[in-house]
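One letter stands for each residue in the lines below.
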Amino acid sequence: MSDNWVRKREILGLLSSEHFVSGEELATQLGISRAAVSKHVDALEDYGVAIYSVKGRGYKLANPISLIDSARLIQSIDNRCFYFDEIPSTNGFMLSHTGELKSGDLCVAEYQSAGRGRRGRTWVSPYGHHLYFSQFWSFPQGMAQAMGLSLVVACSLVEVLKSFGVDNIGVKWPNDIYLNYKKLAGILIEMSGQADSECQLIIGIGVNMAMSEDQGKGIDQPWSDLSALATMPNKTDLVIALQKQLKKDIQLFEREGLAAFKMRWQAADLFYGKEIRLLMGENHVEGICRGVDEQGAVLLETADGTQAYIGGEISLRPK
Ligand code: BTN
């Protein structure tokens, strides 16, 4: 970790108290000048950290921030883990190192300067506020073997979040996780290699934990976070549990395919049995959502019978 981040992390630790902490107190505790404190605080704000700054009182975090205990994380998993305070994108990092990675390896960051979302969107990734990580997986038989993987990943996320006390969550086809009908977490799977021979997949996951009002303004769809929970999950425990659950579920998927996940998906599907509208570019189709087939396509019961629809550009809206 760079000296720069050691100092900033110390400041964040001191600002985590319930009360305002004056610039002078920070300077004394850290043995640096007040000017240096104010420079670090400004820089933290540039990294998206929401800090209240009140003249005469000092500073205080707008939302609690928990940072990952990288030593404990690395010790707790059987794979390699690359941990960064800042990086353009954890998916990007993994994509540029596929040759050196093994299935299950992780990249975790506290801040992404160019976090990637689906359909070319940006994933809002302020320092420390949320969870951002990517897990590598290699499929020897190519893309065909990985069809439907995003649904498996969504099932893993739901299972783990529920075990941390997050109720009222569900999935929206193909791979969004919703809390109270607003987006809580997103999955972006990127591929390297040939579609028809061994392919390497990067499974990128972002979970909103404690969003500030300002950060939320940068998101163009209804969002949710975990801040209303009685106990906020510990981020280190959460990423450890997710890495293990993902490994277990992807191995099951490799052995048994998507059939093994049909019931789990259905139980979490927010739109199952409901009238929905599928948007496909300029076109749309309406019908009753009947879950997914064994390729991961959404099944729609229409006047012409039940049809399967698949494709990255399809979005799903309640009618
Ligand atoms: C979505 O748009 O729903 C997918 C969002 C995926 C965001 C995660 S955060 C960690 C990983 N690295 C990225 O750049 N994106 C994914």
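Everything quoted here is computed from the prediction, not taken from an experiment.

## Quick notes on the packing of aromatic side chains
Piece 1. Enumeration according to the criterion identifies 7 aromatic pairs in this entry.
Piece 2. Ring centres of W5 and Y47 lie 4.9 Å apart, and the angle between their planes is 65°; on these two criteria the pair is classed as edge-to-face. Taken together, the positions of W5 in helix α1 (residues 3–15) and Y47 in the loop between α3 (34–46) and β1 (51–54) put the pair 42 residues apart, joining distant regions of the chain.
Piece 3. A relative accessible area of 3% means that W5 is categorised as buried.
Piece 4. For the pair W5 and Y127, a centre-to-centre distance of 4.4 Å together with 10° between the ring planes defines the contact as stacked. Within this pair, whereas W5 is found in helix α1, its partner Y127 is found in the loop between β4 (106–109) and β5 (131–139), the two being separated by 122 residues in sequence. You'll find W5 and Y127 in the same group, each marked buried.
Piece 5. One aromatic cluster in this structure is built from W5, Y47, Y111 and Y127.
Piece 6. The ring of W5 has K8 lying over it, and the distance from NZ or CZ to the ring centre is 5.9 Å.

## Brief notes about the domain arrangement of the protein chain
The extent of an interface is frequently quoted as the accessible surface area lost upon association of the parts.
Piece 1. Domain boundaries in the protein chain define domain 1 (3–61), domain 2 (70–266) and domain 3 (271–316).
Piece 2. A separation of 24 Å is found between the C-alpha centroids of domain 2 and domain 3.
Piece 3. In this complex, domain 2 contributes 13 residues to the contact, which on the side of domain 3 involves 19 residues.
Piece 4. On the surface where domain 2 and domain 3 come into contact, there are 0 salt bridges.
Piece 5. Counting the contacts that link domain 2 with domain 3 gives 4 residue pairs in polar contact (both at pLDDT 80 or more).

The rules we used
- Residues numbered from 1 in each chain as written.
- Predicted model: local features only at pLDDT ≥ 70, side-chain atom pairs only at ≥ 80, totals over all residues.
- Heavy atoms only, no water.
- Phe/Tyr/Trp six-rings, centres within 6.5 Å; stacked < 30°, edge-to-face > 60°.
- Helix = DSSP H or I, 4+ residues; strand = E, 2+ residues; numbered from the N terminus.
- Buried < 20%, exposed > 50% of the residue type's maximum accessible area, 1.4 Å probe, protein only.
- Lys NZ or Arg CZ within 6 Å of the ring centre and 35° of its normal.
- Domains from an automatic or database assignment.
- Contact = heavy atoms within 4.5 Å.
- Salt bridge = Lys/Arg side-chain N within 4 Å of Asp/Glu carboxyl O.
- Polar contact = N/O pair within 3.5 Å; in protein donor to acceptor, adjacent residues only side chain to side chain.

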